[in-house]
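The chain contents come next:
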Amino acid sequence: MYKATKSLNIKSIFDLIRLLVRKIRIWHVYVTLLIPLLLLTSDLLSGQLGVDPMRELEKSLGVTGIYILILTLCITPLSTLTAINFIRFRRAFGLMSFFYIALHFSTWILLDMQLRWYEIVESVTKKPFIVFGMMGFLLLIPLAATSNNYSIKRLGKYWPKLHKLIYVAIILGGVHYLMMEKTLQNDAITTFIIILVLILLRFFKLRKINWL
Amino acid sequence: MRDMHKKSQDKITPKHLFYNRRKILKLGLALGAYVASSRITPALAKETFDRKINSLEEITNYNNFYEFGIDKTDPAKHAYKLTTSPWPIEISGLVDNPGIYDFSEILKEMNIIQRTYNLRCVEGWSMLIPWNGFQLSELLNKIGVKHEAKYVSFETLYRPQEMHMQETNILNWPYREGLRLDEAMHPLTLIATGVYDQPLPKQNGAPLRLVVPWKYGFKSIKSITKISAQVEEPISSWNQQNPAEYGFYSNVNPTVHHPRWSQASERYIGGEGEGYLGNLFTKRYDTKLYNGYGDVAPLYEGMDLSRYY
């Protein structure tokens, strides 16, 4: 009796969540995902980014990009396991992660490398840390460019295949993060493990959890 | 120690001038020439006045001191835990006067000078820092290095209770560094005991640290407790951790490729403009061989610098 009530409660909570998710508009997602940028800007203007704001800005933009990319990868398993359906927001998540990573890349080119093309070319060709990051970013470009209804129609059965590149891109991004400092950092290791788990989930046939 | 620094303050550029960097620049050539001739090593005098000297706030809030954390702001947060008095220093190996000396005893004997050096980190950034301290050669002459000795090795304090990262294995603790004897004896090689005429802040390596301005920053070992003269090449912690990226010599050299960061140029922390936004626009400068300290070139004559990096 007790057990039954409990599962009923959890179920009703999840029903409520599912109901609320249905009420979310796509623009809500875009606006919400702009909050990290607003916070970063306010930190920058109030001096919270410390002695070397460029470095903090560059790092935060990149890390935010990777986190949103991770959220993008969570959408399918979340929907399968819990029937909380975010799939119609997947494009918003994907495009916003690209937006942050593009800002991260621009910060690197403009504020960090300061358009020193010789060193930029040397870095993207010879320095593994940069090579991984650069390849990840390049792979995201066709994905962002085809994240629209026209491309989905036009590419047909090739569209899902093309968009599987997200797995390669996110691994490259995770490796890039791991290589950032002289030694491994816990945050980068945790991020990489989450990425691996999300990719491994794709190899299992997931089913909806009954008691949810 | 405090007395020592107080005394030296009278002779060195008053602190308020340092704090007001803009003013120094505006005071122009007269003061510039005075400061350059009396305080700043000639090789760097010109360099120095192309950039402003970093503020104490910048110098104490942007540190690599992995004993206290990997992030640049970690040392400022955690280094207060370090006990720096008493500070015994073990002097051993091929020396005439081995023994354990307290830092305060050593400091009393030394001639405290002021040197403003460019600190060039292997990560591709740099800062201009007004150190106080003494020439390492003065200490080595006092302890008497035997003629068989070829190298000097240094060790940072090992005290995991106060340096929490020493409980992890990100490096093989304690941090170790070394110099060839002729590098150690070079007049540019400094043991810093202060910055801006104050005792060295803990996050900068209190109470005493090495400063070798023509080498990447990690050679300038902090919070030293052991100094030894020896025949064999000393262990260098980063070389031990990743020999492909960090050599024993680690001389600043824009032409020696590094697999992670460009060494052709450096971002000068502190920026060009005023305030927080000014610091966002740090300026890149071309990195110079030996960090611009060409005086040391004879030390490496005939050496293949790409092999002995």
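In this text the structure is predicted, and so the values were computed from the model without any measurement. (Residues numbered from 1 in each chain as written. Chains lettered and ligands numbered in written order. Predicted model: local features only at pLDDT ≥ 70, side-chain atom pairs only at ≥ 80, totals over all residues.)

Chemist: Is there a simple way to think about the overall build of chain B in this case?
Modeler: In terms of regular secondary structure, chain B is built from twelve helices and twelve strands. Expressed as a percentage of the 309 residues in chain B, the buried residues total 44%. By sequence separation, contacts in chain B at least 24 residues apart represent 67% of the contacts at least 6 residues apart. (Helix = DSSP H or I, 4+ residues; strand = E, 2+ residues; numbered from the N terminus. Buried ≥ 20, exposed ≤ 12 C-beta atoms within 10 Å, placed from the backbone. Contact = placed C-beta atoms within 7 Å.)

Chemist: I keep staring at the overall build of chain A and nothing clicks. Help me out?
Modeler: Check the secondary structure of chain A and you find ten helices and zero strands. Projected onto its principal axes, the C-alpha coordinates of chain A cover approximately 70 × 45 × 35 Å. Every one of the 212 residues in chain A was classed for burial, and the buried ones make up 24%. Sequence-distant contacts, at least 24 apart, represent 68% of the contacts inside chain A between residues at least 6 apart.

Chemist: Would you mind going over the packing of helix α3 (residues 53–82) of chain A against helix α10 (residues 186–201) of chain A with me for this structure?
Modeler: For any two helices packed against each other, one specifies the crossing angle of their axes together with the interaxial distance. Residues and elements named next belong to chain A. Running from N to C, α3 and α10 point in directions that differ by 25°, and their axes come no closer than 10 Å. Looking at the two axes, α3 sits roughly parallel to α10. The interaxial crossing formed by α3 with α10 has left-handed handedness. Where α3 abuts α10, its residues I66, I70, L73, C74 and P77 lie against T191, I194, I195, L198 and L201. Here the residues of the contact of α3 with α10 are counted per class, giving nine nonpolar, one polar and no charged. (Axes fitted to C-alpha atoms, helices over the stretch in contact; angles between N-to-C directions. Parallel < 35°, antiparallel > 145°, perpendicular 65-115°, else oblique. Left-handed = near helix turned anticlockwise from the far one by under 90°. Nonpolar A, V, L, I, M, F, W, Y, C, P; charged D, E, K, R; others polar.)

Chemist: Even after reading the chapter, I still don't get the nonpolar core, so can you show me in this structure?
Modeler: The nonpolar side chains of a soluble globular protein tend to be buried with one another. If you look at the biggest cluster of nonpolar residues, it comprises 64 residues, and the most contacted ones within it are I129(B), I191(B) and A192(B). Secondary structure elements with two or more residues in this core: α8 (103–109), β3 (113–120), β4 (125–135), α9 (136–143), β5 (151–156), β7 (190–195), β9 (209–211) and β10 (224–230) of chain B. The dominant element in this core, judged by the number of residues it contributes, is β4(B), at six residues. Residues within four places of I191(B) in sequence aside, it is in contact with G133(B), F134(B), L136(B), L139(B), L208(B) and L210(B). In terms of nonpolar packing, the next biggest core, distinct from the first, is built from 28 residues, L57(A), I66(A), I68(A) and L280(B) among them. (Core = buried A, V, L, I, M, F, W, Y, C linked by C-beta atoms within 7 Å.)

Chemist: What is the right way to read the pairing of β7(B) from this model?
Modeler: All names here are of chain B. Most of β7 is tucked away, with six of its six residues classed as buried. Sheet analysis places β4 next to β7, joined by five bridges and oriented antiparallel. Within the sheet, the bridge partner assigned to W131 lies in β7 and is V195. In terms of strand pairing, β7 meets β9 through three bridges, oriented antiparallel. Its bridge partner being in β9, L190 is matched across the sheet by V211. Pairing of β7 with strand β8 (residues 198–199) involves two bridges; the strand directions are antiparallel. Bridged to G194 within β8 is P199. (Pairing = 2+ DSSP bridges.)

Chemist: Would you mind going over the interface of chain B and chain A with me for this structure?
Modeler: At the interface, 19 residues of chain B touch 21 residues of chain A. With three residues, the top contributor of residues to the side of chain B that touches chain A is helix α12 (residues 275–280) of chain B.

Chemist: Which parts of the structure should I look at to understand the environment of G292(B)?
Modeler: All names here are of chain B. Mapped onto the fold, G292 is located in the segment after β12 (283–286). Residue G292 is classed as buried on the basis of its 21 C-beta neighbours within 10 Å. Between the alpha carbons of G292 and V252 there is a distance of 8.8 Å; along the sequence they are 40 residues apart.

Chemist: Looking at this structure, I do not really get the environment of Y158(A). What am I missing?
Modeler: Here Y158(A) lies in helix α8 (residues 158–163). Note: C-alpha distance between Y158(A) and K126(A) (32 residues apart in sequence) is 33 Å.

Chemist: Teacher, can you tell me more about unusual backbone geometry here?
Modeler: Glycine aside, the phi torsion of most residues is negative, and most peptide linkages are trans. S85(B) connects to P86(B) through a cis peptide bond whose omega is 0°. The topology assignment puts P86(B) in the loop between α7 (74–78) and β1 (88–93). Of note, the amide linkage connecting W173(B) to P174(B) takes the cis form, showing an omega dihedral of -5°. Locating P174(B) in the fold gives a position in the loop between β5 and β6 (176–180). Phi is positive for Q114(A), close to 50°, though the residue is something other than glycine. Inspection of the secondary structure assignment puts Q114(A) in the loop between α4 (90–112) and α5 (117–126).

Chemist: Can you help me understand the sheet that holds β1(B) in this one?
Modeler: Strand pairing in a sheet relies on backbone hydrogen bonds. The paired strands run either parallel or antiparallel. Residue and element names in this part refer to chain B. Taken in spatial order, the five strands make up an open sheet running β2-β1-β10-β5-β6, and their pairing is mixed. Of all strands in the sheet, those bounded by a partner on one side alone are β2 (99–102) and β6. When the angles between neighbouring strand axes are averaged without regard to direction, this sheet yields 20°. Taken together, the four bridges between β1 and β10 define a ladder with parallel strand orientation. From the neighbouring strand, S92 faces β10, where its bridge partner is S228.

Chemist: Can you walk me through the environment of W108(A) in this structure?
Modeler: Along the chain, W108(A) turns up in helix α4. Distance from W108(A) to N186(A), taken between C-alpha atoms, is 23 Å for residues 78 residues apart in sequence.

Chemist: Mind showing me how you'd approach the packing of helix α2 (residues 26–45) of chain A against α3(A) here?
Modeler: All names here are of chain A. Running from amino to carboxyl end, α2 crosses α3 at an angle of 170°, the nearest separation of the two axes being 11 Å. Here α3 runs roughly antiparallel to α2, going by the angle between their axes. Counting all contacts with α2, which are made through L33, P36, L40 and L44, the residues of α3 involved are P53, L57, S60, T64 and I68.

Chemist: Is there a simple way to explain the confidence of the model for chain B in this structure?
Modeler: The predicted coordinates of low-pLDDT regions are not to be read in fine detail. All names here are of chain B. Across chain B, the average pLDDT comes to 86, with 82% of residues at or above 70. Here residues 1–49 scores under 50 on pLDDT; set against residues more than four positions off or in separate chains, the count is 58 contacts. Interface scoring of the predicted complex returns ipTM 0.85; its pTM is 0.85. (pLDDT = per-residue confidence, 0-100.)

Chemist: Could you clarify how one ought to interpret the pairing of strand β11 (residues 265–268) of chain B in this entry?
Modeler: Consecutive side chains along a regular strand alternate between the two faces of the sheet. Residue and element names in this part refer to chain B. Here two bridges tie β4 to β11, and the two strands are oriented parallel to one another. Looking across to β11, one finds that S126 is bridged to Y268. Of the pairings in the sheet, the one linking β11 to β12 comprises four bridges and is antiparallel in character. Considered in β12, the bridge of S265 is made with D286.

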